[in-house]
Amino acid sequence: MVTICLAGNPNAGKSTIFNALTGARQHVGNWPGKTVEKKEGRLWLDGQEIAVVDLPGAYSLSAFSAEETITRDFLLDAQPDAVVAVVDAANLERNLYLVLQLLEMRVPLMIALNMSDVAESRQIHIHRERLAERLGGLPVISMIGSREIGLDALKEAMVQVARRRVKAAPVYADLGPAVESEIAALCSLIEADANLRLYPARWLAIKLLEGEDDLGTRIGPALAAAAAAARDRIAAETGEDADTLIADARYRFLGGIVSYAVTRAAADGLTFSDRIDRVLAHRRWGVLVFLALMWVVFQFTANVSAPLLDWVDGIIAGPVTRWAAALLGVVGLGGSWVESLVVDGIIAGVGGVLVFVPVLFSLYVALAVLEDSGYMARAALVMDRFMQRLGLHGKSFLPMLVGFGCNVPGIYATRTLENPDDRKITAFLTTFMSCGARLPVYVVFGSAFFGAASGGLVFGLYALGVGVAVLTSLLLTRLVFRSKTAAPFVIELPPYRLPNPKTVGLYVWSNTARFIHNAGTVILAASVVIWLLLAIPVGTGQFANVAPGDSLFGATSRVIAPALAPAGFGQWEAASSLMAGFVAKEVVIASMNQVYTGADEADEPEPPSTLGEDLAGIVTGLGEAVVLTGQEIVNIVPRTLNIIPGLNVPEANFLGRADDAGSDSALQSALRAAFTPLAAVAFNVFILLYVPCMATVAAMRQEFGARWMLAQVAYTLVVAWLAAVLVYQGGLLLGLG
Amino acid sequence: MPDDAHFMPLSMVRPGQTVELVRIEGGHKLRKRLADLGLNQGVSIRVMQGDAGGPMILAVKGDTRLALGRGITHKIIVAAPQQR
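Quick caveat, the model's predicted, so the values are computed rather than measured. (Residues numbered from 1 in each chain as written. Chains lettered and ligands numbered in written order. Predicted model: local features only at pLDDT ≥ 70, side-chain atom pairs only at ≥ 80, totals over all residues. Heavy atoms only, no water.)

**A few points about the overall build of chain B**
Of regular secondary structure, chain B possesses 2 helices and 6 strands. From first element to last, N terminus to C terminus, chain B shows the α and β order β-β-α-β-β-β-α-β. Considering chain B as a whole, with its 84 residues, one finds that 61% of them fall into the buried category. Nonlocal contacts in chain B, meaning residues at least 24 apart in sequence, comprise 55% of its contacts between residues at least 6 apart. Accessible surface, chain B as shown: approximately 3300 Å² in total, 51% of it carbon and sulfur. (Helix = DSSP H or I, 4+ residues; strand = E, 2+ residues; numbered from the N terminus. Buried < 20%, exposed > 50% of the residue type's maximum accessible area, 1.4 Å probe, protein only. Contact = heavy atoms within 4.5 Å. Areas by Shrake-Rupley, 256 points an atom, 1.4 Å probe, with all protein chains shown as cover.)

**Considering the pattern of salt bridges**
All names here are of chain A. Taken as a whole and assessed by the stated rule, the structure comprises 25 salt bridges over all chains. Among the salt bridges present, the one from Arg-163 reaches Asp-46, with a minimum N-O distance of 2.9 Å. Of this pair, Arg-163 sits in the loop between helix H6 (151–162) and helix H7 (177–192) while Asp-46 sits in the loop between strand E3 (37–45) and strand E4 (48–54), and the two are 117 residues apart along the sequence. A salt bridge links Lys-502 to Glu-148; its shortest N-O distance comes to 3.0 Å. One end of the pair, Lys-502, is in helix H22 (residues 501–520); the other, Glu-148, is in the loop between strand E8 (140–142) and H6, with 354 residues separating them in the sequence. Exposure remark for Glu-148: the relative accessible area of 34% places this residue in the partly exposed category. (Salt bridge = Lys/Arg side-chain N within 4 Å of Asp/Glu carboxyl O.)

**Describing the interface of chain A and chain B**
Every contact between the two is made by 44 residues of chain A and, on the other side, 32 residues of chain B. For the pair chain A and chain B, the summed buried area comes to about 3300 Å², and 51% of that belongs to carbon and sulfur atoms. The three residues of chain A that bury the most area against chain B are Phe-64, Tyr-251 and Val-490 of chain A, which together make up 17% of that side's buried surface. Between the two partners, chain A and chain B, sit 8 salt bridges. Residue Asp-274 of chain A pairs with Arg-65 of chain B through a salt bridge whose shortest N-O separation is 2.7 Å. Where chain A touches chain B, the interface holds 20 residue pairs in polar contact (both at pLDDT 80 or more). (Buried area = accessible area lost by both parts, 1.4 Å probe. Polar contact = N/O pair within 3.5 Å; in protein donor to acceptor, adjacent residues only side chain to side chain.)

**A few points about helix H24 (residues 552–564) of chain A**
Residues and elements named next belong to chain A. Here H24 contains 13 residues, and its C-alpha end-to-end distance of 19 Å stays within 8% of the 18 Å for a straight helix at 1.5 Å per residue. Arg-558 marks the point of greatest bend in H24, at about 35°, and the proline Pro-562 comes within the next four residues. Taken together, the buried positions of H24 are occupied by Phe-553, Gly-554, Ser-557, Ala-561 and Leu-564. (Expected span 1.5 Å × (residues − 1). Bend = angle between axes of the 7 residues up to and from the residue.)

**With respect to a nonpolar patch on the surface**
All names here are of chain A. A cluster of nonpolar side chains, contributed by Trp-337, Leu-532, Ile-536, Val-538, Phe-543 and Leu-552, occupies part of the molecular surface with about 490 Å² of accessible area. The residue Leu-552 is located in helix H24 in this model. Exposure remark for Leu-552: the relative accessible area of 32% places this residue in the partly exposed category. (Patch = residues over 30% accessible without salt bridge, like charges linked within 9 Å, V, L, I, M, F, W, Y side chains within 5 Å.)

**A short note on the nonpolar core**
All names here are of chain A. Phe-445, Phe-569, Met-592, Leu-671, Phe-675, Phe-683 and Leu-689 are the most contacted members of the largest nonpolar core, which has 90 residues in total. Take this core: its biggest share by element is 10 residues, from helix H29 (residues 677–689). If we ignore the near neighbours within four places in the chain, the residues touching Leu-671 are Val-444, Phe-445, Phe-449, Met-592 and Tyr-596. (Core = buried A, V, L, I, M, F, W, Y, C linked by side-chain atoms within 4.5 Å.)

**Section: the side chain of Gln-712 of chain A**
By the secondary structure assignment, Gln-712 of chain A is in helix H31 (residues 706–733). For Gln-712 of chain A, the residues in contact, after removing those within four places along its chain, are Phe-428, Thr-431 and Met-700 of chain A.

**As for the pairing of strand E2 (residues 18–24) of chain B**
Residues and elements named next belong to chain B. With 5 of 7 residues buried, E2 is to be regarded as a mostly interior element. Pairing of E2 with strand E6 (residues 76–79) involves 4 bridges; the strand directions are antiparallel. Within E6, the position partnered with Glu-20 by the bridge is Ala-79. (Pairing = 2+ DSSP bridges.)

**Some thoughts on helix H1 (residues 14–22) of chain A**
Residue and element names in this part refer to chain A. Of all 9 residues that make up H1, 8 are buried, and the element is covered over most of its length. Buried residues of H1: Lys-14, Thr-16, Ile-17, Phe-18, Asn-19, Ala-20, Leu-21 and Thr-22, and no others. Positive phi appears at Gly-23, one or two residues downstream of H1, with a value of about 60°.

**Here we look at the domain arrangement of chain A**
Residues and elements named next belong to chain A. On domain assignment, one finds that chain A holds domain 1 (2–162), domain 2 (177–264) and domain 3 (287–604 + 660–733). With centres defined by C-alpha atoms, the gap from domain 1 to domain 2 works out at 24 Å. Counting residues at the interface gives 30 residues for domain 1 and 24 residues for domain 2. Surface buried jointly by domain 1 and domain 2 totals about 2600 Å² across both partners, of which 59% is contributed by carbon and sulfur atoms. Taken together, the links from domain 1 to domain 2 amount to 1 salt bridge. For Glu-104, the salt bridge is made with Arg-250, and the minimal N-O distance between the two is 2.9 Å. Elements supplying a minimum of two residues to the side of domain 1 that touches domain 2: helix H2 (66–77), helix H3 (92–104), strand E7 (124–126) and helix H5 (128–134). The biggest single contributor to the side of domain 1 that touches domain 2 is H3, with 8 residues. Here the residues of the side of domain 1 that touches domain 2 sort into 12 nonpolar, 8 polar and 10 charged. (Domains from an automatic or database assignment. Nonpolar A, V, L, I, M, F, W, Y, C, P; charged D, E, K, R; others polar.)

**Some words on the packing of helix H20 (residues 439–449) of chain A against helix H21 (residues 454–480) of chain A**
Residue and element names in this part refer to chain A. The contact between H20 and H21 brings their axes to 8 Å, and the two run at 145°. With respect to the hand of their crossing, H20 and H21 are arranged in right-handed fashion. Two secondary-structure elements touch here, H20 through Leu-439, Tyr-442, Gly-446 and Ser-447 and H21 through Ser-454, Leu-457, Val-458, Leu-461 and Tyr-462. Each residue belonging to the contact of H20 with H21 can be placed in one class, and the counts come to 6 nonpolar, 3 polar and no charged. (Axes fitted to C-alpha atoms, helices over the stretch in contact; angles between N-to-C directions. Left-handed = near helix turned anticlockwise from the far one by under 90°.)

**Structural notes on the packing of aromatic side chains**
Residue and element names in this part refer to chain A. Applying the stated criterion to the full structure yields 15 aromatic pairs over all chains. Ring plane angle 80° and centroid distance 6.2 Å describe the contact between Tyr-442 and Tyr-462, whose orientation is recorded as edge-to-face. Within this pair, whereas Tyr-442 is found in helix H20, its partner Tyr-462 is found in helix H21, the two being separated by 20 residues in sequence. A relative accessible area of 2% places Tyr-462 in the buried class. By way of ring pairs, the aromatic residues Phe-445, Phe-449, Phe-450, Phe-569, Phe-675, Phe-683, Phe-686 and Tyr-690 are connected into one cluster. Sitting over the ring of Tyr-496, Arg-378 keeps its end group 4.0 Å from the ring centre. (Phe/Tyr/Trp six-rings, centres within 6.5 Å; stacked < 30°, edge-to-face > 60°. Lys NZ or Arg CZ within 6 Å of the ring centre and 35° of its normal.)

Shown next, in the form of C-alpha cells:
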C-alpha cells in the first residue's frame, strides 16, 4: 500500500490536516517499543487506499527527544512514498529549518503551507511560486487546515509526488568551505560502505558532523572515528564548533529564501497573542488566570455533567435492568444465578461505570480546548517558577495536567522531558493527579454526604493530590536525586487560536471510546470476577445465594479491613472496594454497587411499566437533562462569585425544581448508613492517593523498570494510609466526627 | 565583533530591548536544541516579557515565540546590536 506521512514542528497544525484527510478513519496506538502516540489513518484517493501516518511533532531530525528519533527513524526505515512537510506559514523561517533537513534526506517531499489565513492577517504575504522555486520545484500548497481549504490541492499533490511525477532538484544549504570539505570526505567514506547504501550520504555526513551520538548502531566505529576527527579539524580551523557553523549556515540560507519569497508589513508589532500573553503569561496574573481556569474546569466536570449523568443512571438502573430481567424471565432463567450474574454483576458493574461517560466527556472537552487553543504551553510557563522550586521545571507540569484526565497518558507524556531523572520524578508525581476515573467516586460520596457543597470536596481532593505531589517532589529531589541538575526549560509558545471543533471532537472521542472500551473489557471481566467472588460461599450458604459478608470476597476483605480501622472505614465492604480499585478506579463504584446494594434487591418495588412508557421516559429525560446542563453552565458564574464571603448570588433554576435531595440512588443511602461524613472524606483521600490502577503500574514498569514501579506501589499505599488516618484521627480530635 | 565588555547574559536584558546572540555557554546538546528552536548564533532576539527570577519570553525570526527558564538565560551571551 502507498504510505504517506505528515512531518512538521509541534503546533504547525499537523493533526488538523491529518484529521481533515482521514476523518474518523484513524487508529491511535503506540509506536512499537515506544510510548509516543502513533496516529495512522486511511484515505481513498485516485481509486486506491492510502495509509497516512501522522509523525510526532519535531523541530529537527536529531535524536534529541523520543518524538524526533521516531520521526527520523520512520523516514529512514519505512521509506514512505511521499512526505508532507506541514509548515506554519506565520512562522515560516523557523519551520523551514526542519524542511531543509528533509531536503537533505532526499525524501519525496511536498510542502503544506498551513495557517495561511493567520499569516495573511499579520500581513505576511508568501509568494508561493517563489518559495517553490527556491525549494527545488517542490509542490507548495497553501492551506487553512482548520477549514479544510487547500485539501483537494494537497491530495492531488500527494498523488503526484507518490507516483514520482514531481521532478524536484536537490536543494542544499552551502555550509561553508571548512564544513563542506569534511562533508565531501565523509560522503566518499559513506558511499564506499555497502551497509550504508540506503542512507542519504550528505544527510548522514552532516548528522555525523553535528555530533549525533545516537547513530552509533547504524554506523561502524571507523566512520565514527573519522567523524570525530573531522569535527576536531573544523574546530581547530574555524574556532567554532561544527554544529554551530551548520546551524548558522542553514539559517542564513533560509533567511535568504524568506527574504526572496515573503513580503511583509513592518514586523516587530505586537501580535494578538503577544497582547493576550501580557496577562496570561504574566508572573502574577498568569497564575491567577491559571487557577481560575482550573476552577472552571472542575465546575464543568463536577456539576455540568451531573444532569446527563443522572439521565444515564436512570436508564441503566430502570428500563435496562427491567428489560434484562424480563428477557431472562421469558427464556426461563428468572430468579436463577444467571439473572443474578447479568443484573447484579454485569449491568450493575458495567452500567455503574458507563454512567460516568458524561463526566469524562466534559473533562476531555476541557483538556482538548486548553490544548488546542495554545494555552497548555502558557500553563507550563507560569508554573515554571513554582516547579523550579520543587526541583522540576515547567514542562513537568504538562504530564501532570494530562494526568488529571488519565494517569496513563500522563506517564507517557513525560517523554517530552529530556532528563531521565526528571522523567522518573514527574511520572512518580503524576499518579497523585486525580484522574477522571477517580472523580466518580468523589461525586457519589460528595452528593451523598455534602449535597450541593460536593464541588468543595472534589476541589479539595484535587488540591490534596497536588499537595502530596509537591511534598513527594521535595522528598525525591532533596533525598533521592540529589545530584540531579535542573534540565533547561525551553518551550515554544504557539499563537492562540480558536480550538478546532474537529480536533477537539476527535480527541474527546478517542479518549471517551477508550474508557467505554475499558468498560466493555477490563471492567466487564472485573465485574464478573467480583460477582463470582461474591457468589462463592465461605462456610454456610449456597452458590449465588449468599450474603456478601459470607462470601469469599467478604472473607478476604475481612482480613484487610482491620488495617483500615484507624482511618475510620474498617468495614470489610470498604476494604473490598479498595481491593477492586487496584484493578481500575472505574471498578470502585461498580464493586460498591454490588457489595452495598446487590444484597437487598427488593427494597424499592417499582411500578411495572410498558416498553413504550420506558422509551418515552428516556426521551423526556434527555430533554430535561439538556436543559439542566445549560443551567449548570450558567450557574458556574454564581457559584464562582459566591466564593467571595458575603456574596450570595442566586443560582439559576430553569425547571423550577426544589433541590433534589430526595432523589438519590440506593448506593448513596447505603453509603450514608455505612460511613460517617468524616470517614467518607478519609476514604476518598485513600482513593485519591493509593495505586491508581493496573494500567499505570504497567506503564511505570514499561517506562522505568520493575524497581521503580514497586517503589511507586509501596510509596502510594503508605502515603494513602497515613493521609487517611491523619484526616480521620485529626478530624476526631477537632470534634468533626 | 565587539570586545567582551559589551557582552552580557540574556537574563540581564530588559523587556522591549532587542539584542543579538553571541554564543551559548553550554554543552553541545543545549546549543543544538536551542538552534533547532531558532536560537542560533547571530540571531536577533527581542525580549517580550521577563523580570528578575522568572522565565523570559523571546521573539526570534519575527514570529517565533519562545519561553526560556531563567537558568538558560544566564548561559546565553548577547550583545546590543548598535554596539557592533
